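Each chain is listed here by its residues.
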Amino acid sequence: MSEAPAAEPIALSPEILATRQEFYRRINGGHMAPLWEVLRGLVPLEPNPTPKAHIWCYDALRPFLLEAGALVTAEEAERRVLVLENPAFAGKSRATATLYAGIQIVLPGEVAPAHRHTASALRFVLESSGGFTAVGGERTTMRAGDFVITPSWAWHDHGNESQDPIIWMDVLDLPMVNFFEGGFSENYNDISQTIVRPEGDSLARYGAGLLPLESKGPFGKTSPIFNYPYDRTSRALAAVAAAGKLDPHWAATLRYSNPVDGGWAMPTIASWMTHLPAGTATQAIRSTDGIVIAIAEGRGVARVGDTRIAFGPRDILAIPNWTERAFQAETDCFLFCCSDRAAQEKLGLWREERKAA
Ligand code: 1HN
């Protein structure tokens, strides 16, 4: 990227500087400030990302999650989650500049009580032998690798009637919602919501390449499919990769789409899955969105800016906006990815730059 030549700094006398400082002090008393002192920070030549590239290794994180399971019940905690805090945002509950991420555990027999909020949530299931979530009156069993959506303002509660803990990654658009100060939330009048449709109803109506004649979904701007099962996703991607040429920057990638309008599955958060067959690699690319990746399967190495990061199954990666990323797969890799691209595209902000080999 070519940089505009910086304006020559003008040498100013101490008298002029003092006069200006004194002026700034006086206008500051009237709650005003000189734009010319802050202009470059407000309008950078290009993004200067705040988040750091980071990996949360599942093997290191999992014992803490089980420890939390012994310390507090899901019901008492409301949501028993370890928040994944980007090192650049300590105490701010952010994995990237715009996305919250956490790891949630529901133990056998537990319920995470029903509530709803304006923030949209997604779940990517890391470990399960059959816990469930209920969304808008329908239950879905959550299996490892499933991508599950909780639309804005939809009632949702989680439960686990299996013999083993269920563990998943939550990603919410909370930093965006809270930037707009558009946060509302409400508790349901019972621990679990009333179920009004049989399991699988949404997938049958909206997820079979067919649509009801009246094809407006029940969830407004969010996809009416609220569980995109991993068996379908991984089979589709394996077929795409087997069919031939991989994209140099994206390998085999398919995005999760809203069947009603063909757009992203969620209004603010874009989501896709990338498959790199064993031994393949992608070339560097950067884009203005900040990305959270959960490794569904496989081992490999990510390069994020100048950092090399070895990853394995169920690890979580934060990729800062406008930072080069490239991946090498040692074994067959399936990467679940989500970012603020959906929101950025609506605002006309999203850009990408693909590096030549
Ligand atoms: C929430 O409602 C869930 O429903 C998980 O599982 C994480 C983090 C912040 C605010 C609400 C859930 C959350 C959350």
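See the structure above.
Position labels on residues start from 1 in each chain and follow its written sequence. Reporting of local features is limited, given that this is a predicted model, to residues whose pLDDT is at least 70; pairs of side-chain atoms are given and counted only at 80 or more, and all residues count toward the totals for whole chains, interfaces and linings. To obtain the side-chain values, all non-hydrogen atoms of the structure were used and water was disregarded.

Before going further, it helps to examine the overall build of the protein chain. Under the scheme used here, helices are H or I runs from DSSP no shorter than 4 residues and strands are E runs no shorter than 2 residues, and both carry numbers assigned from the N terminus. When its secondary structure is counted, the protein chain shows 8 helices and 22 strands. With C-alpha atoms as the basis for the radius of gyration, the globule rule is written as 2.2 Å multiplied by the number of residues raised to the power 0.38. Taken over the C-alpha trace, the protein chain has a radius of gyration of 23 Å; the compact-globule value for 357 residues is 21 Å, and the two agree within 12%. Along the three orthogonal principal directions, the C-alpha set of the protein chain runs to about 75 × 50 × 50 Å. Looking at the protein chain as a whole, 48% of its 357 residues qualify as buried. In what follows, residue pairs with any heavy atoms lying within 4.5 Å of each other are defined as contacts. Contacts in the protein chain between residues at least 24 apart in sequence constitute 75% of all its contacts with a sequence separation of at least 6. Looking at the protein chain as shown, the accessible area adds up to about 18000 Å², and 55% of this sits on carbon and sulfur atoms. His residues and chain termini do not enter the charge count, which takes Lys and Arg as positive and Asp and Glu as negative. Where a charge lies is defined by one atom per residue type: Lys uses NZ, Arg uses CZ, Asp uses CG and Glu uses CD. Between the mean site of the 33 positive side-chain charges and the mean site of the 41 negative ones, the protein chain shows a separation of 5 Å. Working definition: with a 1.4 Å probe on protein chains only, accessible area under 20% of the residue-type maximum means buried, over 50% means exposed, and in between means partly exposed. Using a 1.4 Å probe, accessible areas were evaluated by the Shrake-Rupley method; residue-level cover was limited to the displayed protein chains.

Next up on the list: the site of the ligand. Proximity is defined per residue: if any heavy atom of the residue lies within 4 Å of a molecule or strand, that residue is considered near it. All residues in the neighbourhood of the ligand are listed as Arg79, Tyr100, Gln104, His115, His117, Arg123, His156, His158, Asp170, Leu172 and Leu174. Within the side chain of Gln104, an N or O atom sits 2.9 Å from an oxygen atom of the ligand. Two N or O atoms form a polar contact when they lie within 3.5 Å of each other; inside protein one atom must be a possible hydrogen donor and the other a possible acceptor, and for residues adjacent in sequence the pair counts only when both atoms belong to side chains. Within the side chain of His156, a nitrogen or oxygen atom sits 2.9 Å from an oxygen atom of the ligand. Out of a free accessible area of 330 Å², the ligand has 84% covered by protein chains. Broken down by secondary-structure element, the contributors of at least two residues to the shell around the ligand are strand E3 (100–106), strand E4 (111–117), strand E9 (156–160) and strand E10 (166–172). Residue composition of the shell around the ligand, grouped by class: 3 nonpolar, 5 polar and 3 charged. Any residue outside Ala, Val, Leu, Ile, Met, Phe, Trp, Tyr, Cys, Pro, Asp, Glu, Lys and Arg is labelled polar, Gly included; the first ten of those are nonpolar and the last four are charged.

Attention shifts here to the packing of aromatic side chains. Here a pair means two rings of Phe, Tyr or Trp (six-membered ring of Trp) with centres within 6.5 Å. Their orientation is stacked below 30 degrees between planes, edge-to-face above 60, and tilted elsewhere. In this structure the tally under the stated criterion is 13 aromatic pairs. Judged by centre distance (6.2 Å) and plane angle (55°), the rings of Phe23 and Tyr24 are tilted. Residue Phe23 is classed as partly exposed on the basis of its relative accessible area of 33%. One aromatic cluster is present, built from ring pairs that chain together Phe124, Phe147, Tyr228, Tyr256 and Phe336. Over the aromatic face of Trp264 sits the side chain of Arg255, whose NZ or CZ is 5.2 Å from the ring centroid. The residue whose ring lies beneath Arg341 is Trp350, and the NZ or CZ to ring-centre distance is 3.6 Å. Should the NZ of a Lys or the CZ of an Arg lie within 6 Å of a ring centre and within 35 degrees of the ring normal, that charge is described as sitting over the ring.

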